[in-house]
Amino acid sequence: MAQRKLVAVIGGGAVGLAVARSAARRGFQVVVLEQHSAIGMETSSRNSEVIHAGLYYAPKSQKAKLCVQGKMLMYDFCRDFNVPVRRCGKLVVATSELQMQQLEMLRARAMENGVDDVEILSQNAVRVMEPEVACLGALFSPSTGIVDSHSLMLALQGDAEAHGCDVALNCTVVGGHKNQDGTFDLLTHPTNAPDAVDTLECDMVVNATGLSAPRLANLLQGENEKLPEPTQFAKGSYFRLGSVARMPFQHLIYPMPEKGGLGVHATLDLDGNVRFGPDVEWVSALDYKVNPAKAALFASKIQDYWPGVVDAELIPDYSGIRPKIVGPNEPDADFSILDGARGLVHLCGIESPGLTSSLAIGEVVADRLEAFV
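Criteria and cut-off values
- Residues numbered from 1 in each chain as written.
- Predicted model: local features only at pLDDT ≥ 70, side-chain atom pairs only at ≥ 80, totals over all residues.
- Heavy atoms only, no water.
- UniProt positions renumbered as here; feature names shortened; annotations may be inferred.
- Domains from an automatic or database assignment.
- Contact = heavy atoms within 4.5 Å.
- Buried area = accessible area lost by both parts, 1.4 Å probe.
- Salt bridge = Lys/Arg side-chain N within 4 Å of Asp/Glu carboxyl O.
- Polar contact = N/O pair within 3.5 Å; in protein donor to acceptor, adjacent residues only side chain to side chain.
- Nonpolar A, V, L, I, M, F, W, Y, C, P; charged D, E, K, R; others polar.
- Axes fitted to C-alpha atoms, helices over the stretch in contact; angles between N-to-C directions.
- Helix = DSSP H or I, 4+ residues; strand = E, 2+ residues; numbered from the N terminus.
- Parallel < 35°, antiparallel > 145°, perpendicular 65-115°, else oblique.
- Left-handed = near helix turned anticlockwise from the far one by under 90°.
- 1 Å grid on protein atoms, 1.4 Å probe; cavity = no way out; pocket = protein on both sides within 12 Å on 5 of 7 lines; lining within 4 Å.
- Points joined across faces, edges and corners; volume = space filled by probe spheres on them.
- Pairing = 2+ DSSP bridges.

- Taking an unreviewed UniProt entry as the reference, the chain is identified by name as L-2-hydroxyglutarate dehydrogenase, mitochondrial belonging to Achlya hypogyna.
- Quoted verbatim from the Cofactor (unreviewed entry) field of UniProt, the annotation for the chain is "FAD".
- Per UniProt, the chain has the following entry under Sequence similarities (unreviewed entry): "Belongs to the L2HGDH family."

1. Re the domain arrangement of the chain
Point 1. For the chain, the domain assignment lists domain 1 (6-47 + 150-229 + 332-372) and domain 2 (90-142 + 231-322).
Point 2. Taken residue by residue, the interface counts seven residues in domain 1 and 11 residues in domain 2.
Point 3. When the buried surface of domain 1 facing domain 2 is broken down by residue, Arg46, Asn47 and Leu211 rank first, second and third, together holding 61% of it.
Point 4. Counting across the domain 1 and domain 2 interface gives zero salt bridges.
Point 5. Where domain 1 meets domain 2, there are three residue pairs in polar contact (both at pLDDT 80 or more).
Point 6. The residue inventory of the side of domain 1 that touches domain 2, partitioned by class, reads one nonpolar, two polar and four charged.

2. A look at the packing of helix α1 (residues 14-25) against helix α8 (residues 354-372)
Point 1. Between α1 and α8, whose axes approach to 8 Å, the crossing angle comes to 40 degrees. Between α1 and α8, the angle falls in the class oblique. Note that α1 runs across α8; the crossing there is right-handed. Of α8, the residues touching α1 (which contributes Ala14, Val15, Ala18, Val19, Arg21, Ser22 and Ala23) are Gly354, Leu355, Ser358, Leu359, Ile361, Gly362, Glu363, Val365, Ala366 and Leu369.
Point 2. Tallied by class, the residues present in the contact of α1 with α8 amount to 11 nonpolar, four polar and two charged.

3. Side note on empty space enclosed by the protein
Point 1. This structure, assessed with the given rule, holds one cavity of 30 Å³ or more.
Point 2. Here the largest cavity is characterised by a volume of approximately 50 Å³.
Point 3. Looking at the lining of the largest cavity residue by residue, the class counts come to six nonpolar, two polar and two charged.
Point 4. Counting contributing residues, the lining of the largest cavity receives three or more from each of domain 1 (6-47 + 150-229 + 332-372) and domain 2 (90-142 + 231-322).

4. Comments concerning the sheet that holds strand β11 (residues 184-190)
Point 1. One open sheet holds the three strands; their spatial order is β10-β11-β12, and the pairing between them is antiparallel. Looking at the sheet topology across the chains shown, the edges are occupied by β10 (171-178) and β12 (198-202). Each neighbouring strand pair of the sheet contributes to a mean axis angle of 30 degrees, computed without reference to strand direction.
Point 2. Where β11 meets β12, five bridges bridge the pair, whose relative direction is antiparallel.

Here it is in structure tokens:
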């Protein structure tokens, strides 16, 4: 590369940092513009921290392809950069004969996506692995795991910075346009000083702002058509399990998927805690409060696969907002990796399995940036 091109990556979550790392390692000059006072304060820190195997997604979709690729890259990255991770495995449980049939379909889809290590387990086999789980059978995914998302993002930031990337915190992008010479002018201001507008000139732009990606895409001048912006947001709340004599699970326990999400599942964290969630609640504004009254509804769903919940305490924990680009009555959407004006890439709808796919998305975007040169 004769002259180092400046790439502005807007958004300092897991995906933005992975893009910045991939671009910096390929010789681009990179700056990450993050509106918050720290990296990863929105979607990237408000999820289940699960490394997904690639079971659920439509074959040949970007979600399927990038999840499977991203999973392998994630385990390698965590090993190389000492990021806490555990390949604990997951059971997707069936509690009816109909769901047993659906498990076979799920297994077939996983195999088509290249996830060839899954197997259907009998009721007795599940009981040996997880004595407290009630089901007729389950799909076992041994390559599913959990990761410390904060440590992951710090490692991504550190490696990006080691290759010359700069990270600008408290920096809000409010618009921009493409110049006649092919460069871009981004309008920015300190997050707490909206009147102090500055201009950053750069060669390429990556919009990795998660929840704000459609809105920012429409703010950047030069787009031929407007992207639809969500009017409702898919909120997911989590409850954690109160103190118990012993941990009820050794693996992640998932019900069959539901509309808009993967159902209220049981996940583990690297400190040994159990967390249940997320549900799907469509809201009109961003609100991260967890309603304690939901505990009874959560318990009713959890009881389908863990009867012991009736004697357990569910404590409100946290919530997240999925960066969906479709509404509650629409089919689930694939990842949307869009080229705007030449040199401009928008990452929209990067919901689950976005964390798992982050390193693979970083490579895809870096490929596009190289093609722009």
